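Coordinate analysis (summary)
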Amino acid sequence: WPQFYPPGTQYHRYITFNDGAMVRLMEFLRATHREEAYRFLDENRRQSARAAFDRGIECILKCQVTVGGQLTAWCAQHDAVDFRPRVGRSYELVSLSGAESVGIVRLLMSLESPSPEVVRAVDAAVAWFKAARLHGIRVIEAKDDSSPKGKNKVLICDPSAPPLWARFYEIGTNLPLFSDRDGIAKFSLAGIGYERRNGYAWYGDWPRSLVEKEYPAWKSRQGK
């Protein structure tokens with residue numbers, strides 16, 4: 001599904017995983033054909049929603065990015081025709097997403113009878129999350145009297161810090177990726193300007209529970 005309808009000619013026309021848009025829509029479609037609250041819908045609409053959900057899963061599998069013959073994760077936007085990763089807003093570059101990919105994997109893991117293709121996609125994505133973990137760093141808000149608001153986000157070394165993931169990774173290198181509104185790729189938080197550095201979630205622990213708890217439990221259920 002595009003971000004807007006009609007989709008227009010800008011990035012809104014792309015398959016939109018950004019901010020969980022497609023995943024939440026698919027969860028809604030699934031609810032309309034499974035939950036009692038939607039029994040007011042006629043059977044044709046319910047079956048149409050079920051078919052759309054199934055096509056959405058097929059789309060997700062087609063979008064998963066392959067690097068060096070290995071499945072990895074997803075970009076925040078993908079082309080609706082050839083499924084390639086696409087740019088979103090100017091600072092949301094073609095990349096692998098350490099955030100949006102989590103919701104996609106959780107959706108795939110929620111399927112009652114996952115196909116071998118779905119299992120393969122989940123296994124590969126979690127392996128990528130593990131490889132993309134960043135250790136020994138922490139993002140803090142430091143006092144900065146020279147900044148517009150008197151504080152500034154900075155990255156510091158901290159061996160005791162829990163693992164972090166970048167919002168975006170360069171495809172092929174797994175280097176964390178950053179950008180200002182000019183769309184120029186940078187490879188450090190300090191390399192971008194104050195406005196985007198402090199106005200966007202560049203680091204987070206989005207996959208942590210998935211990797212450490214949810215996925216092992218899911219694999220155990222699959223084994224049974």
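To keep things clear, this report deals only with the structure shown in the data block. Remember, it's a predicted structure, so these values are computed and weren't measured experimentally.

Next up on the list: the overall build of the chain. Tallying secondary structure elements over the chain gives six helices and 12 strands in all. Taken over C-alpha atoms, the radius of gyration comes to 19 Å for the chain, in line with the 17 Å a tight globule of 224 residues would show. Projected onto the principal axes, the alpha-carbon positions of the chain cover approximately 60 × 45 × 35 Å. By the burial criterion, 42% of the 224 residues in the chain qualify as buried. If you take every contact in the chain between residues at least 6 apart in sequence, the share linking residues at least 24 apart comes to 62%. Here the chain displays about 11,800 Å² of accessible surface, and carbon together with sulfur accounts for 53% of that area. Distance between charge centroids for the chain: 1 Å, based on 32 positive and 26 negative side chains.

Let us look at helix α2 (residues 43–63). Look at α2: 30 Å from first C-alpha to last across 21 residues, which is about the 30 Å you get at 1.5 Å a residue. With a side-chain oxygen lying 3.1 Å from the backbone nitrogen of N44, the N-terminal cap of α2 falls on D42.

Right, let's talk about the packing of aromatic side chains for a bit. Inspection of the entire model under this criterion finds 11 aromatic pairs. Aromatic side chains Y38 and F40 sit 6.1 Å apart centroid to centroid with 45° between the ring planes, which places their arrangement in the tilted category. The exposure class assigned to Y38 is partly exposed, which follows from its relative accessible area of 22%. With relative accessibility at 64%, the residue F40 sits in the exposed group. When the centroid spacing of 5.6 Å and the interplanar angle of 50° are considered together, the rings of F178 and Y203 count as tilted. With F178 in strand β10 (residues 178–179) and Y203 in strand β12 (residues 203–204), this residue pair connects regions lying 25 residues apart in the sequence. Each member of the pair F178 and Y203 is classed as buried. Ring-pair connections join several aromatic residues into one group, and the members of that group are Y91, F168, F178, Y200, W202 and Y203.

Definitions and cut-offs
Residues numbered from 1 in each chain as written. Predicted model: local features only at pLDDT ≥ 70, side-chain atom pairs only at ≥ 80, totals over all residues. Heavy atoms only, no water. Helix = DSSP H or I, 4+ residues; strand = E, 2+ residues; numbered from the N terminus. Rg over C-alpha atoms; globule rule 2.2 N^0.38 Å. Buried < 20%, exposed > 50% of the residue type's maximum accessible area, 1.4 Å probe, protein only. Contact = heavy atoms within 4.5 Å. Areas by Shrake-Rupley, 256 points an atom, 1.4 Å probe, with all protein chains shown as cover. Lys, Arg positive; Asp, Glu negative; His and termini not counted. Charge placed at Lys NZ, Arg CZ, Asp CG, Glu CD. Expected span 1.5 Å × (residues − 1). Polar contact = N/O pair within 3.5 Å; in protein donor to acceptor, adjacent residues only side chain to side chain. Phe/Tyr/Trp six-rings, centres within 6.5 Å; stacked < 30°, edge-to-face > 60°.

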